[in-house]
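Summary of the model geometry
The primary structure of each chain is shown beneath.
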Amino acid sequence: MKKTFYSNGKLLITGEYVVLDGAKAFALPTKFGQNLIVEEAENGSIHWKSYDHDGSIWFEENISFVSIIERKQYEEIHNIKNTLLEILHEAYLLNSNFITLSKGYTITTELTFPKFWGLGTSSTLINNIAQWLEIDAYELLKKSFGGSGYDLACAQNDSPIIYQLVNDSPTIQNIDFHPNFTQNIFFVYLNKKQSSKSAIASYIDKQGNIQKTIEIINAITKTIVSATEAKEFALALQKHEIEMSNVLELQTVQEALFEDFNGVIKSLGAWGGDFVLAISKDNPTDYFKERGFDVVIPYHEMIL
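Cut-off values and rules
Residues numbered from 1 in each chain as written. Predicted model: local features only at pLDDT ≥ 70, side-chain atom pairs only at ≥ 80, totals over all residues. Heavy atoms only, no water. Phe/Tyr/Trp six-rings, centres within 6.5 Å; stacked < 30°, edge-to-face > 60°. Helix = DSSP H or I, 4+ residues; strand = E, 2+ residues; numbered from the N terminus. Buried < 20%, exposed > 50% of the residue type's maximum accessible area, 1.4 Å probe, protein only. Lys NZ or Arg CZ within 6 Å of the ring centre and 35° of its normal. Core = buried A, V, L, I, M, F, W, Y, C linked by side-chain atoms within 4.5 Å. Contact = heavy atoms within 4.5 Å. Pairing = 2+ DSSP bridges. Axes fitted to C-alpha atoms, helices over the stretch in contact; angles between N-to-C directions. Parallel < 35°, antiparallel > 145°, perpendicular 65-115°, else oblique. Left-handed = near helix turned anticlockwise from the far one by under 90°. Nonpolar A, V, L, I, M, F, W, Y, C, P; charged D, E, K, R; others polar.

Here the structure, examined in full by the defined rule, presents 19 aromatic pairs. Each ring, one from Trp117 and one from Phe275, has its centre 5.4 Å from the other, and the planes form 90°; the classification is edge-to-face. A residue pair is termed long-range when its members are at least 10 positions apart, and Trp117 in the loop between β5 (105-111) and α4 (121-133) and Phe275 in strand β10 (residues 275-279) qualify at 158 residues. The two residues Trp117 and Phe275 agree in class, both being buried. Members of the aromatic cluster, each reached through a chain of ring pairs, are Phe26, Phe177, Phe181, Phe187, Phe233 and Tyr299. Against the face of Tyr74 rests Lys81, its NZ or CZ located 4.0 Å from the ring centre. Here the guanidinium or amino end of Arg291 rests over the ring plane of Tyr287, the centre of that ring lying 3.6 Å away.

Structural data, given as structure tokens:
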């Protein structure tokens, strides 16, 4: 019998990095996501095949049940396989039935966005596996990838959210976010994927007394989700960038790449890659394309 599971992608608008320390983060689930299709087989293993958004296969491998149970690790060139084995091993520890009560599987994943976009290739996979095996997605994340878990909240919710870790446990507040200026908001891909793991490690190295920063970011998040005017929203984004620039000891993306942009640009998630948010009076597509950034997506085409 074939079973299909789906999870939404994500964009983190406020609270990057400091969400790990309990700040309130504003996040948006995307119209893009990932499917997981599970079929029974009889090969004592999982035949795994992953498709990119264009139908091309980007990963295909046979993974034996034994390698999952023993958490076997292969040479570094098999990095994707090793990561998948790590997730499946932790899933096995949370619910062993999918191996002990099965003869094998054929599993297919299908992205509806290019895998290098950074919209949640890993988080949508973890959430889909958790749905399939009826285990806690946050527990699976904690034991495998790590991270705050806001991306899992986006995977599971079809509306904007405020996400916060309270005593290391996720709290999710669904909110209405329909300002009348969304036609002025665009998402721009910076032509490179950013590693969340290494970005988090860098943040942890730099952070000092973070409590004051958390209070500032929480206040900014409150302003952003309740803003009724584009100018108020843009100024709050700008304040957020300046605050995190000081914490991370990095230039803002607008200072580094788009100093002459007529509007405000904010990093989303890990600084230095993936998508940024741009807000301006005029459609900025030509501006970004002239500078070699061809993926410019209007708000209503990106966000659920």
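Resuming the write-up.
It is worth spelling out the nonpolar core at this point. One finds Phe187, Phe233 and Phe275 to be the most contacted residues of the largest nonpolar core, which totals 44 residues. Going through the elements one at a time, β2 (25-40), β8 (185-189), α8 (211-226), α9 (230-248), β10 and α12 (299-302) are the ones with two or more residues in this core. For this core, the element with the highest residue contribution is α9, accounting for seven residues. Leave out the neighbours within four places in its chain, and Phe275 touches Leu11, Trp117, Leu119, Phe187, Val188, Tyr189, Ser267, Leu268, Val295, Ile297 and Met302. Counting residues in hydrophobic clusters, the runner-up holds 41 residues, among them Phe5, Ala25, Ile126 and Leu140.

With phi around 55°, Glu134 is a residue other than glycine that occupies positive phi space. On the accessibility criterion, Glu134 (74% relative accessible area) is exposed. Residue Asp168 is not a glycine yet carries a positive backbone phi of 70°. On the secondary structure map, Asp168 appears in the loop between β6 (161-166) and β7 (169-174).

This part covers the pairing of strand β3 (residues 45-51). Where β3 meets strand β4 (residues 57-64), seven bridges bridge the pair, whose relative direction is antiparallel. Along β4, the bridge assignment pairs Ile46 with Ile63. Linking two consecutive strands that pair antiparallel, namely β3 and β4, is a turn of five residues; a positive phi of about 90° is found at Gly55 within it. Note: β3 against β5, six bridges, orientation parallel. Across the sheet, residue Lys49 finds its bridge partner in β5, namely Thr108.

Moving on: the sheet that holds β10. The four strands lie next to each other as β9-β10-β8-β11, forming an open sheet whose pairing is antiparallel. With partners counted over all chains shown, the strands left at the sheet margins are β9 (264-267) and β11 (296-298), one partner each. Across the sheet, the mean angle from the axis of one strand to that of its neighbour is 25°, orientation sign disregarded. In this sheet, β10 lies alongside β9 in antiparallel orientation, the contact comprising four bridges. In the sheet register, Lys266 faces β10, and the bridge partner there is Leu277. Lying over the sheet, α9 contacts β8, β9 and β10, oriented at roughly 45° with respect to β9.

Relative to the assigned elements, Tyr299 resides in helix α12. In this structure, Tyr299 is in contact with Leu28, Phe177, Thr182, Ile185 and Phe187, ignoring residues within four places of it in sequence.

Working note: a packed helix pair is described by the angle between its axes plus the distance between those axes. One can describe the packing of α8 onto α9 by two numbers: an axis separation of 9 Å at closest approach and a directional angle of 160°. Compared by their axis directions, α8 and α9 come out roughly antiparallel. For the pair α8 and α9, the crossing hand works out as left-handed. Two secondary-structure elements touch here, α8 through Thr213, Ile216, Ile217, Ile220, Thr223 and Ile224 and α9 through Glu232, Phe233, Ala236, Leu237, Lys239, His240, Glu243, Met244 and Val247. The class makeup of the residues in the contact of α8 with α9 is nine nonpolar, three polar and three charged.

Read these as spatial facts, not as claims about activity.
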